[in-house]
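The primary structure of each chain is shown beneath.
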Amino acid sequence: MENQFIPIQKVGSKLDLQSRVACDTSEAAERFFEHVKNRLLNVNQWDEICRLPSSTFRLINNQNQEIAGFVKEDDYIRINIPGPGTTVGEGYDWVKVETIIDRELNEGSILSITVRPTHHPLRAFSETAHFFSSEATSTFIVKRAGQNISAEVHGRKETPNNDTTVFIDNLRNTFVGWAAKIGFAYPQWSALTKGLVKN
């Protein structure tokens, strides 16, 4: 599934998930795809789309203020996963939106959002506040190909962030990163892909 929208896998583990539906006509697919795109862009509603006990996601600006509306490049996403959070993240895990690609394809369209673990937005020079290292990325894709609509999640270079100066954070990140590696994150991302394309 490697392509121009997904970073290349080099180290650590990876994740690839996909859900798809077929519409009755190309016109119906075009209309539904706009709805699916809006769901993906509305990060603050991801936990509701998952419809199961899971992490919560909130868009945050560089002043640590919540943002309403659709995600944009350079926004932060504050993640509250079940269990204790990081000290350097003030109780949360953080990622930053690196790229958003919205493009027409042959007989279709694609919207891609790639995020990377980052620091707390008010601590620009602090350590990465996430259970994965800053080498990791997550790419969220919705795609229309003719009458088919798909939603995908791709994790790359997923290695635990256990080199911080906070010992308890290292223990926590190692445990959470290990749990994600063996599949504990699978139900949430599977629920998200299914929810994004649910009629």
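See above for the structure.
Bear in mind the structure is a predicted one, so any value in this text is a computation, not a measurement.

Engineer: Explain the pattern of salt bridges to me, please; I cannot follow it from the model alone.
Structural biologist: Two side chains of opposite charge can pair, provided their charged atoms sit close to one another. Counting across every chain of the model gives nine salt bridges. Here Glu 34 and Lys 37 are joined by a salt bridge, their closest N and O atoms 3.8 Å apart. Residue Glu 34 and its partner Lys 37 are both found in helix 1 (residues 26-41); the two are separated by three residues, about one turn of the helix. Overall, the relative accessible area of 9% leaves Lys 37 in the buried class.

Engineer: Which parts of the structure should I look at to understand the packing of aromatic side chains?
Structural biologist: Geometry of an aromatic ring pair is reported as the spacing of the ring centres plus the angle between the planes. Tallied over the entire structure, the rule returns six aromatic pairs. Judged by centre distance (5.4 Å) and plane angle (65°), the rings of Trp 46 and Phe 57 are edge-to-face. Of this pair, Trp 46 sits in helix 2 (residues 46-50) while Phe 57 sits in strand 2 (residues 56-60), and the two are 11 residues apart along the sequence. The two residues Trp 46 and Phe 57 agree in class, both being buried. Ring centres of Phe 131 and Phe 132 lie 4.7 Å apart, and the angle between their planes is 55°; on these two criteria the pair is classed as tilted. Taking relative accessible area as the criterion, Phe 131 reaches 12% and is therefore assigned buried. Residue class for Phe 132 comes out buried when judged on its relative accessible area of 8%. One aromatic cluster is present, formed by Trp 46, Phe 57, Phe 140 and Trp 189 through successive ring pairs.

Definitions and limits used
Residues numbered from 1 in each chain as written. Predicted model: local features only at pLDDT ≥ 70, side-chain atom pairs only at ≥ 80, totals over all residues. Heavy atoms only, no water. Salt bridge = Lys/Arg side-chain N within 4 Å of Asp/Glu carboxyl O. Helix = DSSP H or I, 4+ residues; strand = E, 2+ residues; numbered from the N terminus. Buried < 20%, exposed > 50% of the residue type's maximum accessible area, 1.4 Å probe, protein only. Phe/Tyr/Trp six-rings, centres within 6.5 Å; stacked < 30°, edge-to-face > 60°.

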